[in-house]
Each structure stands twice: as C-alpha cells, then as structure tokens.
There are 4 protein chains.
Amino acid sequence: MARTPRGARTRAKLLEAAEHVFATVGYHDASIVKITEEAKVALGTFYTHFEGKKEIFDEVVLDLSHRVRLTMSEASTGVADRIEAERAGFRAFFGFTAQHPALYRIIRQAEFVSPESMRKHYDNIVDGYAAGLSSARAAGEIRPVDPVVSAWALMGAGELIGMRWILWENADQIPEHVFEGLMDLIAGALAPTDTTPHEGSAP
Amino acid sequence: MARTPRGARTRAKLLEAAEHVFATVGYHDASIVKITEEAKVALGTFYTHFEGKKEIFDEVVLDLSHRVRLTMSEASTGVADRIEAERAGFRAFFGFTAQHPALYRIIRQAEFVSPESMRKHYDNIVDGYAAGLSSARAAGEIRPVDPVVSAWALMGAGELIGMRWILWENADQIPEHVFEGLMDLIAGALAPTDTTPHEGSAP
Amino acid sequence: MARTPRGARTRAKLLEAAEHVFATVGYHDASIVKITEEAKVALGTFYTHFEGKKEIFDEVVLDLSHRVRLTMSEASTGVADRIEAERAGFRAFFGFTAQHPALYRIIRQAEFVSPESMRKHYDNIVDGYAAGLSSARAAGEIRPVDPVVSAWALMGAGELIGMRWILWENADQIPEHVFEGLMDLIAGALAPTDTTPHEGSAP
Amino acid sequence: MARTPRGARTRAKLLEAAEHVFATVGYHDASIVKITEEAKVALGTFYTHFEGKKEIFDEVVLDLSHRVRLTMSEASTGVADRIEAERAGFRAFFGFTAQHPALYRIIRQAEFVSPESMRKHYDNIVDGYAAGLSSARAAGEIRPVDPVVSAWALMGAGELIGMRWILWENADQIPEHVFEGLMDLIAGALAPTDTTPHEGSAP
DNA sequence: AATGAATGAGAGTTCATTCAT
DNA sequence: GATGAATGAACTCTCATTCAT
C-alpha cells in the first residue's frame, strides 16, 4: 500500500480525518463515509489503504500512543531530581491531553473495539514510567515502592484528574491548584520517609 | 409503567439481562433483540418498559453505581483508623470489581453513550470519598491534602489497578502484593508527616 | 355491544376521540393508543366496543356523512326558489366545513382506507342533491341539465372551493366574494335560458 | 446523486416503480421494500437516491402534476373558441385520468402525507386555468365571472366527475353522456348572457 | 490509485391486537 | 365491562463493504 507519493498523501489524509472523526463522534458513529468525506476522498479509496474500520482505528490509537509517550519522555528526560521529573512528565501529559482530547475519547472506547490496542497503549506508558521509578528507587531518591504497581496507580491518578479537569471542563490546561494538589499527593507517596534511618539519621 | 406485579417482574428481568449483555458485548453490539432474548421476553415488551436502548443503559449504570458505592461505604463505615478505612474501602471496591466486571465494561464505554451517566457515577463515588478525606484531615489523621483532588486521584489509581489485575487477568480477587503495593503508596500519600509534631508528640 | 349505560358512554367517548384523532393526525398515525388516551379509557377497552381501527373509522365517516347531509337538507328544505335553495344548501355545507374540518381530512384519506365508506358518503350527498335538481328541472325552475352529472359536478365544485378557502385558510367561514362567485357560476349553469319559452310563457 | 448514467437509470426505475406502488396500495402500505422489489434494485440502493419515502412521493406528485398540466395545455392551446378550448382541456384531463389513475389515488392521499405537494399541484393547474378564463373574459367570450373562483370550482367539478365515472368504474374513457352533461353545465355557467346585447340581438 | 453506485444484513422502533386478570 | 402487559410482524433506515469502471 501507498507505494506512490500520491498514495501516501491520501493515506495520511485518511488517518488524520479518522482521528478527528473518532474523537468527535466515537468509534461506532464514525462511518467510513464520514471519514472519507472529511478526508475529501472517495469512499472506495478508503479500502485501497485500509482493510476496514478497525484497522484504521488501531493505527490511530498506535499513533496517539506514541505521541503521548514521546511528549512525556522528552519532558522528563534529563531532569535529575525525581520529583521534578514527575512534575515535568505529568505537565507534559496534561498538556498533551488539553491539545488532543482525542486521546481520552479514543482510548476509553477502545475497551470494546480493540482491547489489544488499548492494552498496548497502557503497557507502553507504564513500561517507561515503571522503569523511571525503578531506577529512582535504586538511587534511593524515592521510597522502596513497587515500581509497576505504582506506575499503574499513578497513571490512573493522572488519567482521572485529566478527565475531570481538562476533558470535562473543556479546559486548555490543568488548573494550577489541581496540578499542585496531585503533585503534593505524589510527592508524599514517593518521598523517602524520614523514618528510614539511612542518611545518618542516627544522632 | 409496571403498575402490576407481573410488569415489575418483567422489568426486572429486562434490567438484569441488559446488564449482562452490555457487559458482555458492549453497548453498540448489545441489541434489544439480544436483551429480550436473554430476558425471555418478546421484543415489543421491551418498549412497554423502556423508551429505548439508552434509557435502559442509564438505569443499568445508575444501579451499578449505587451498588459499588453501597458496598464501599458499608465496608469502611465504623472503621476508626483512616488508613484502615482506606484498606477496607479499596478491598470492597476490588471485591465488587471481581464479582461484577460489568462495572468497568459498562462505565468506560459510557463516555460516548451517556456522558451524564458516567459523570454522575464518578461524582457519586468521589463525593463520598472526598467527604471521608475531609473529615480525616480535620481530625489530623492525614496530611492536609486537597480532599477533592485526592479523591479523584486515588479513585483513578484504584480504577487502573483493578482494570489491570482483575479485569485483564480475569481474576476473582486482587493479588495480595498488588493490593499491598497500592496501599503502601496511598498510606505514604496520606500519612501525617512525622515532622508535624501534632497531638502532643513532645514529651 | 353497549348493553349498559356505562358501556354506551364509553363507546361514545371513543367515537368522539376517534373523530378528533383521525382529523388531527390522519388515519395511519391515529393509533388505538392515542384514541384510548384521548378518550381516557384503557387500551383493551377499545376492543370491547370495536372490532378494530377500520371499524371505528367507518363509523366516524358514517356519522360525519349523516351530519353534513342533515345540515344541508335542513337548510334548503322549504326554500321555494331553486337558486335560493342552492345558496342555502351551499351555505350550510361551508358552515359545516368550517366547524368540522374533520370532514375533509377524514373523507379524503378514506380513498385507501375504506373506499366503501367514501363512496357511500358521496353517494348519499349526491342522491339528495340530484333529487332536488330533478324536481327543479321538472318544475322548469332550471335548465334541463342532467341531474346526476350536475349533482356530482357541483358537489365537486363546492368541495374544492371549501378546501381552498376554508380548510387551507383555516377560516371560520367562506369569504363572501368567493361564495358569491361560486353562486354566480352555479346560477349561470342552472338558470333557465331566456330563450326557452317554457311554461306557456306565451299567453 | 446520480452522477453516472447507471445511477440515473436506477433512479428512473425507482421513480417509475414508486408511482405504480403508490397508486396501487397507497402511501402508507407502499413500503420501500415493495418499491425496490418492483424496481428490481436492492433495498439500500433506494437510499443512495432518495432521502426517504416522503421525498420520492413528492417527486412522483410533482412529475404527475407536470404531466397532466402539459397534457391539458397542449390540448387546448390554439383552440380559438373558449368553449371548444374547455372541451379540449377536459377531454385531455379525463383521458389522462383514464390512463393514469395514479393521479387521483396519489393526489388525494397527499392531504396528510405532503400537504405542500398537494397544494402545489392544485395551484399549478388552477393558475393555468384561471389565466385562460381571465383572457377569455377580457375578450368577451365568457360572462364576467371571477376567474380564480371559477377555476377552482370547475376543476373540482372535473375532479369528482373523473373520480365517479373513470376511477370508480375503472373505465378507460369518460362516458359520452357524462362528458356532454358536464360540458353543457360549464357552457351554461360561462356562456355570455343573452342580456348582453352584443351580437345584434335586437331584431 | 481512485471512484461512487450498488448491496443486503441488521439495527431500533411502532402498533394493532390478544388475553390473563 | 374494563384493564394494561405482552406479543411479534413489519416498518424505515444505516453502513461496512464490494466491484465495475
């Protein structure tokens, strides 16, 4: 597929249109007709590029997933302090959410449409996150929490916060007090406890 | 509607069948035919009890929402210690999830089907949770976190953990280490910092 | 049917409701449910009085038909001059039309619903009309026109005039100039030609 | 729609089938299934050409309306004498009626289905007719009757006559005595009165 | 590669009618 | 006589997909 430049262009137009349509009306009300109309392409053309509705959906999910992850990792890369890295990562996530509400709308409905895609998406994000926590823990920057469980839990926290204060409010950024409230919580959850008597806590 | 006992019985059968069908195949593939077949009732009968598919969906969501909330509040009521109350509440939540996977499957797809129902559900749960955190905070049992933000965040944490280790694993209960991992995190997030020398900690 | 006073009352309520509903929404959109609701009677009760939808329709048509005819014949009875009788009859017809727009709405849709009823209705009216023309002709009050053909033609004229200026205009009476225009035409059509030296005009 | 010859052909087949089905079983019993079966086209194809049942109905009405009007005006065009023109016009109308009983069956049921279409149809015919009467009157060929009122009245007369002696009798032409009876009436209605002392009526 | 007319299974919904109460 | 829950056939309409061009 898409061996010629023209084909590649058409394909790209279809993907872009599909992301928009899926995000706007949902998977089930997203008809191929709507997608091709939005892409300004004839109906039959769709099938020269994709096998069907689910295939293009999966591609859209994959693409979105890559993009969030990239945005988040770029933001936190190189930040020495773990708590600062958390802040940077979540800021990037909320920023992406505000600019691409499609993310939520598409991911959450993937449950029934394409469970594999959905799992892959969450797994992708958690993998990076858990790795970060793991090394931070090894470095003693955070409490010895379970990195994988924590990654899932914190991702869940971020997800609902984003849904509540960005998606539902149709906001273009997270309210500052919400962000700080969440970071406060996370800091508490991960902060090395004073009771851990390392670092020469003994008098 | 349902002015006779017979009518009430039929209506109940339909609701039960609908919950099952929605949870199994999702909203869009849940046809009225499937629901009435499962309820062993004629197709037309459906429309003597419900206006349409969305109406019965909303009722199913409402019902489920009430039930989780009840289960959770019953579990944590009367537990003096806040951390213990957290444990009890989350245990109840995971238990309910394991027994009613329908909860997730139905709630998560409600995004496009019936946003109002979905919001009502989350709001319901958060309200109770935030109230609990608020009074715990007033009593000095937890750090002075933002109760509402924290409630949403912790609910999100619980949601993804449940999805990952109960739903996806098709488990009938949460693995112990996951539960403890999550509780450890939450305890850390909420635990009163030792530095605050409240409650006459000075001899 | 309707052996008790209660039964007779219920039946009457149903007929009245049916006339209204048929006239308002037409035969096909007139559901039994609507009729019984309007009559404030339970759905099943309908079937203790009528065999079905068509039966009650036929009764409504018959009833309306009788009433127009009665109104018209009462108006023209005893009027000596034929042209005056015409005026009186048409006035009565237009008056009835204005007060019972149901007449048109119901009759015109009867074409497919109940052709027999419709024919009976037209035949009824024409019979009376043609008889009047016939005797007027015998009495030399009008030209020797074909009474039956003329009755149909003039009824048709009145029907469209009523439809155009009462029904479509939602008027509560026929505009005077229209009435006079029509009567002028009819007078011309029926008036004995001056050239016919009938009735021993030559002494 | 119908951007290819094939599409145009299919569309025409559907219209023809629709006219037949509407005329045979009436609007309400004319299902899309019946129409597409008669047109030998798949069900879904219907919806690539028409928005729904009412749309195709309106097109059928419009088409029929155009055709009667054309038939009538062609017949009376160029006929000098007004009374002769009347005869020619009515003959054409009855001829059309006999060949297209669909006209009545479809128009009369339009009352509830599509009042706009029905009015447009009657207005169309009346317009032409009234114009003819108007100029005839100006030319002194007929009495100074109200052209619009008369056009409606005479159209009504023709309509019922056609219904009674063509449609109900399933005749392929109007019985001669009926036609003459009607023309006699109309001639009387329109004929210049003898009292108008033109044409040297004075001895 | 692109086009768009054609397909037909299947959806949600309505409603005249039946029948147990 | 009156009630209203239950029935199921029939309807209109949608849409993913095919295929001739």
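Being a predicted model, the structure only gives us computed values, none of them experimental.

Peer 1: So what's going on with the domain arrangement of chain A? Residues and values would help.
Peer 2: Residues and elements named next belong to chain A. Domain assignment breaks chain A into domain 1 (1–50) and domain 2 (54–190). Once you take the C-alpha centre of each, domain 1 and domain 2 turn out to be 28 Å apart. With 13 residues of domain 1 in contact, the opposing surface of domain 2 contributes 15 residues. For the pair domain 1 and domain 2, the two sides together bury roughly 1200 Å², of which 68% comes from carbon and sulfur.

Peer 1: How would you summarise the side chain of Ser-114 of chain C if you had to cite specific residues and measurements?
Peer 2: Inspection of the secondary structure puts Ser-114 of chain C in the loop between α6 (102–113) and α7 (115–138). Setting aside anything within four residues of it in sequence, one finds Ser-114 of chain C in contact with Lys-54, Phe-57 and Asp-58 of chain C.

Peer 1: Now, about the interface of chain B and chain A: what can you tell me, with residues and values included?
Peer 2: At the interface, 46 residues of chain B touch 46 residues of chain A. Around 3800 Å² of area is buried between chain B and chain A when both sides are counted, 68% of it from carbon and sulfur atoms. A per-residue breakdown of the area chain B buries against chain A is headed by Arg-108, Phe-112 and Trp-168 of chain B, which together make up 19% of the total. With a shortest N-O distance of 2.9 Å, Arg-143 of chain A and Asp-184 of chain B are connected by a salt bridge. Our count for the contact surface shared by chain B and chain A stands at five residue pairs in polar contact (both at pLDDT 80 or more). For the side of chain B that touches chain A, the secondary-structure elements that each account for two or more residues are α1 (5–25), α6 (102–113), α7 (115–138), α8 (147–167) and α9 (176–190) of chain B. At 16 residues, the largest contribution of residues to the side of chain B that touches chain A is made by α8 of chain B. Residues that form the side of chain B that touches chain A fall into these classes: 25 nonpolar, ten polar and eleven charged.

Peer 1: Talk me through the relation of the copies chain D and chain C; I want residue IDs and the actual numbers.
Peer 2: Between chain D and chain C, the superposition needs a rotation of 180° and an axial shift of 0.1 Å, giving an RMSD of 0.1 Å. Considering both components of the superposition, the chain copies are consistent with a two-fold axis. Within chain D, the C-alpha atom positioned nearest to the axis of rotation is that of Ala-189 of chain D, 1.9 Å from it. Comparing interface residues between copies, 100% of those in chain D also lie at the interface in chain C; the contact surface is shared.

Peer 1: Explain the interface of chain D and chain C residue by residue, including any values.
Peer 2: Taken together, the contacts link 46 residues of chain D with 46 residues of chain C. Where chain D abuts chain C, roughly 3800 Å² becomes buried across the two surfaces, and 68% of that area is made up of carbon and sulfur atoms. For the pair chain D and chain C, the number of links is four salt bridges. Here chain D is connected to chain C by five residue pairs in polar contact (both at pLDDT 80 or more).

Peer 1: Account for unusual backbone geometry, with residues named and values stated.
Peer 2: One non-glycine residue with positive phi stands out, namely Asn-170 of chain A, at about 55°. With a phi angle near 55°, Lys-40 of chain B is a residue other than glycine that sits in the positive phi range. Secondary-structure assignment places Lys-40 of chain B in the loop between α2 (32–39) and α3 (43–49). We classify Lys-40 of chain B as exposed; its relative accessible area is 75%.

Peer 1: Can you explain the protein's contact with DNA strand E? Please cite residues and give values.
Peer 2: Lining the immediate surroundings of DNA strand E are 38 residues, of which Thr-10 of chain A, Ile-32 of chain C together with Thr-10, Thr-45 and His-49 of chain D lie closest. Take the atoms of DNA strand E that sit within 4 Å of the protein: sugar and phosphate atoms are 65% of them. At 2.8 Å from a phosphate oxygen of DNA strand E is found a side-chain nitrogen or oxygen belonging to His-49 of chain A. A distance of 3.1 Å separates a phosphate oxygen of DNA strand E from a polar atom in the backbone of Ile-32 of chain B. Sorting the residues of the surface near DNA strand E by element identifies α1 (5–29) and α3 (43–49) of chain A, α3 of chain B, α3 (43–49) of chain C together with α1 (5–29) and α3 (43–49) of chain D as the ones contributing at least two each. Across the surface near DNA strand E, the residue classes tally to 15 nonpolar, 17 polar and six charged.

Peer 1: Describe in detail helix α6 (residues 102–113) of chain D, supporting the description with residues and values.
Peer 2: Residue and element names in this part refer to chain D. In this model α6 runs 15 Å from its N-terminal to its C-terminal C-alpha over twelve residues, within 8% of the 16 Å that 1.5 Å per residue would give. The element α6 is largely enclosed, with a buried count of ten among its twelve residues. Among the residues of α6, Ala-102, Leu-103, Tyr-104, Ile-106, Ile-107, Arg-108, Gln-109, Ala-110, Glu-111 and Val-113 are the ones counted as buried.

Peer 1: Account for the side chain of Gln-109 of chain C, naming residues and giving values.
Peer 2: Within the fold, Gln-109 of chain C resides in helix α6. Exposure remark for Gln-109 of chain C: the relative accessible area of 11% places this residue in the buried category. A distance of 2.3 Å separates a polar atom in the side chain of Gln-109 of chain C from the backbone nitrogen of Tyr-27 of chain C. If near-sequence neighbours (up to four positions away) are discounted, Gln-109 of chain C is found in contact with Phe-22, Gly-26, Tyr-27 and Phe-57 of chain C together with Phe-112 of chain D.

Peer 1: Describe the packing of helix α9 (residues 176–190) of chain A against α8 of chain B, listing the residues and the values that go with them.
Peer 2: Across the interface, α9 of chain A lies against α8 of chain B with an axial gap of 9 Å and an inter-helix angle of 60°. Taken together, the axes of α9 of chain A and α8 of chain B are oblique relative to one another. The handedness of the crossing between α9 of chain A and α8 of chain B is right-handed. Judged by residue contacts, Val-178, Gly-181, Leu-182 and Leu-185 of chain A of α9 of chain A engage Val-149, Ser-150, Ala-153 and Leu-154 of chain B from α8 of chain B. Tallied by class, the residues present in the contact of α9 of chain A with α8 of chain B amount to six nonpolar, two polar and no charged.

Peer 1: Just give me the short version of helix α7 (residues 115–138) of chain D, but keep the residues and values in it.
Peer 2: Over its 24 residues, α7 of chain D extends 34 Å from the first C-alpha to the last, a length consistent with the 34 Å expected when each residue adds 1.5 Å. Positive phi appears at Gly-140 of chain D, one or two residues downstream of α7 of chain D, with a value of about 75°.

Peer 1: Give a detailed account of the environment of Asp-184 of chain D, specifying residues and quantitative values.
Peer 2: Along the chain, Asp-184 of chain D falls in helix α9 (residues 176–190). Counting along the chain gives 101 residues from Asp-184 of chain D to Ile-83 of chain D, while the straight-line C-alpha distance between them is 9.9 Å. Residue contacts for Asp-184 of chain D: discarding those within four places in its chain leaves Arg-143 and Val-145 of chain C.

Peer 1: So what about the packing of α7 of chain B against α8 of chain B? Which residues, and what values?
Peer 2: All names here are of chain B. It is at 8 Å that the axes of α7 and α8 come closest, and there the two elements cross at 120°. The angle between α7 and α8 falls in the class oblique. α7 and α8 meet at a crossing whose hand is right-handed. Between α7 and α8, the contacting residues are Tyr-122, Asp-123, Ile-125, Val-126, Tyr-129, Ala-130, Leu-133, Ser-134 and Arg-137 on the first element and Pro-147, Val-148, Ser-150, Ala-151, Trp-152, Leu-154, Met-155 and Glu-159 on the second. Considered class by class, the residues forming the contact of α7 with α8 number twelve nonpolar, two polar and three charged.

Analysis parameters
- Residues numbered from 1 in each chain as written.
- Chains lettered and ligands numbered in written order.
- Predicted model: local features only at pLDDT ≥ 70, side-chain atom pairs only at ≥ 80, totals over all residues.
- Heavy atoms only, no water.
- Domains from an automatic or database assignment.
- Contact = heavy atoms within 4.5 Å.
- Buried area = accessible area lost by both parts, 1.4 Å probe.
- Helix = DSSP H or I, 4+ residues; strand = E, 2+ residues; numbered from the N terminus.
- Salt bridge = Lys/Arg side-chain N within 4 Å of Asp/Glu carboxyl O.
- Polar contact = N/O pair within 3.5 Å; in protein donor to acceptor, adjacent residues only side chain to side chain.
- Nonpolar A, V, L, I, M, F, W, Y, C, P; charged D, E, K, R; others polar.
- Least-squares fit on C-alpha atoms with pLDDT ≥ 70 in both.
- Buried < 20%, exposed > 50% of the residue type's maximum accessible area, 1.4 Å probe, protein only.
- Near = heavy atom within 4 Å.
- Expected span 1.5 Å × (residues − 1).
- Axes fitted to C-alpha atoms, helices over the stretch in contact; angles between N-to-C directions.
- Parallel < 35°, antiparallel > 145°, perpendicular 65-115°, else oblique.
- Left-handed = near helix turned anticlockwise from the far one by under 90°.

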